[in-house]
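Examining the three-dimensional arrangement
Listed below, chain by chain, are the residues.
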Amino acid sequence: ETGVTQTPRHLVMGMTNKKSLKCEQHLGHNAMYWYKQSAKKPLELMFVYNFKEQTENNSVPSRFSPECPNSSHLFLHLHTLQPEDSALYLCASSPGVGLARDEQFFGPGTRLTVL
Amino acid sequence: QKEVEQNSGPLSVPEGAIASLNCTYSDRGSQSFFWYRQYSGKSPELIMSIYSNGDKEDGRFTAQLNKASQYVSLLIRDSQPSDSATYLCAANSGYALNFGKGTSLLVTP
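Residues numbered from 1 in each chain as written. Chains lettered and ligands numbered in written order. Predicted model: local features only at pLDDT ≥ 70, side-chain atom pairs only at ≥ 80, totals over all residues. Heavy atoms only, no water.

1. Thoughts on the pattern of salt bridges
Side-chain pairs of opposite charge can arise whenever the charged atoms involved come near each other. Residues and elements named next belong to chain B. All told, the structure shown has four salt bridges over all chains when counted by the stated rule. Between Arg37 and Glu45 there is a salt bridge, with its nearest N and O atoms 3.0 Å apart. Overall, the relative accessible area of 12% leaves Arg37 in the buried class. Judged by its relative accessible area of 35%, Glu45 falls in the partly exposed class. (Salt bridge = Lys/Arg side-chain N within 4 Å of Asp/Glu carboxyl O. Buried < 20%, exposed > 50% of the residue type's maximum accessible area, 1.4 Å probe, protein only.)

Here it is as structure tokens:
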């Protein structure tokens, strides 16, 4: 499919649980992103990492915690989520963040349901 | 607020016709523009990128950019039922892409 993989593909969790989403890119890219996609809303950028450094945190609640140990791996740690956090969480990567290097390629997503 | 606006549709076209999808953006500093296709239950798939004013063609797809009017469009020639999907327009802004809500396209046999 694409060079970006995400696990798990589906996740159901209670509000008191702690879970992590994993993303891996095999494209040799330097930038990675987390997005949230809810019904009837545009894709919402959550976090941007460029060369493992977080360059953007789009006012995301602290119950979402990203981690980028290297340019190929990205995690999203989840704790004490709310039902309104139920959505499709998408990971993407791009060669970089500058002009003509910012084509983003998406993974298949994790469908998260918070009970 | 940096926004990308798209008509949500649905846009219905008969098989074989040209589908025309439009998008406007508010950030005059945007320099990169993208069209993604998203099938129901799937993730967005990049189909076109455009960086300069004018037209860019790739197979049945043509992207058009007019920076003065802050307008991007996507033409799909010889539309097929398999083209039925939601098409997302995106414009870069700093480190991020701003996405529109998408236009739903339905190609009827």
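2. Things to note about the sheet that holds strand 1 (residues 4-5) of chain B
A sheet is described by the order of its strands in space; here five strands give the open sequence 1-3-8-7-6 (chain B), paired in antiparallel fashion. Each having just a single partner strand, strand 1 and strand 6 (54-58) of chain B make up the two edges of the open sheet. (Pairing = 2+ DSSP bridges. Helix = DSSP H or I, 4+ residues; strand = E, 2+ residues; numbered from the N terminus.)

3. Focus on the interface of chain A and chain B
Of the residues lining the interface, 23 residues belong to chain A; the matching set on chain B comes to 20 residues. A combined buried area of about 1,700 Å² lies between chain A and chain B, and 59% of that area is made up of carbon and sulfur atoms. For chain A, the biggest contributors to the area lost against chain B are Leu99, Asp102 and Glu103 of chain A; these three give 25% of the whole. The tally of links between chain A and chain B comes to zero salt bridges. (Contact = heavy atoms within 4.5 Å. Buried area = accessible area lost by both parts, 1.4 Å probe.)

4. Focus: the sheet that holds strand 3 (residues 18-25) of chain A
Residue and element names in this part refer to chain A. Strand order in the open sheet made by the four strands is 1-3-8-7, with antiparallel pairing throughout. Bordering the open sheet on either side are strand 1 (4-7) and strand 7 (64-70), each of which pairs with just one other strand. Averaged over all pairs of adjacent strands, the angle between their axes in this sheet comes to 20°, without regard to strand direction. For strand 1 and strand 3, the ladder comprises four bridges, and the chain directions are antiparallel. Looking at the pairing, Gln6 lines up with Cys23 of strand 3. (Axes fitted to C-alpha atoms, helices over the stretch in contact; angles between N-to-C directions.)

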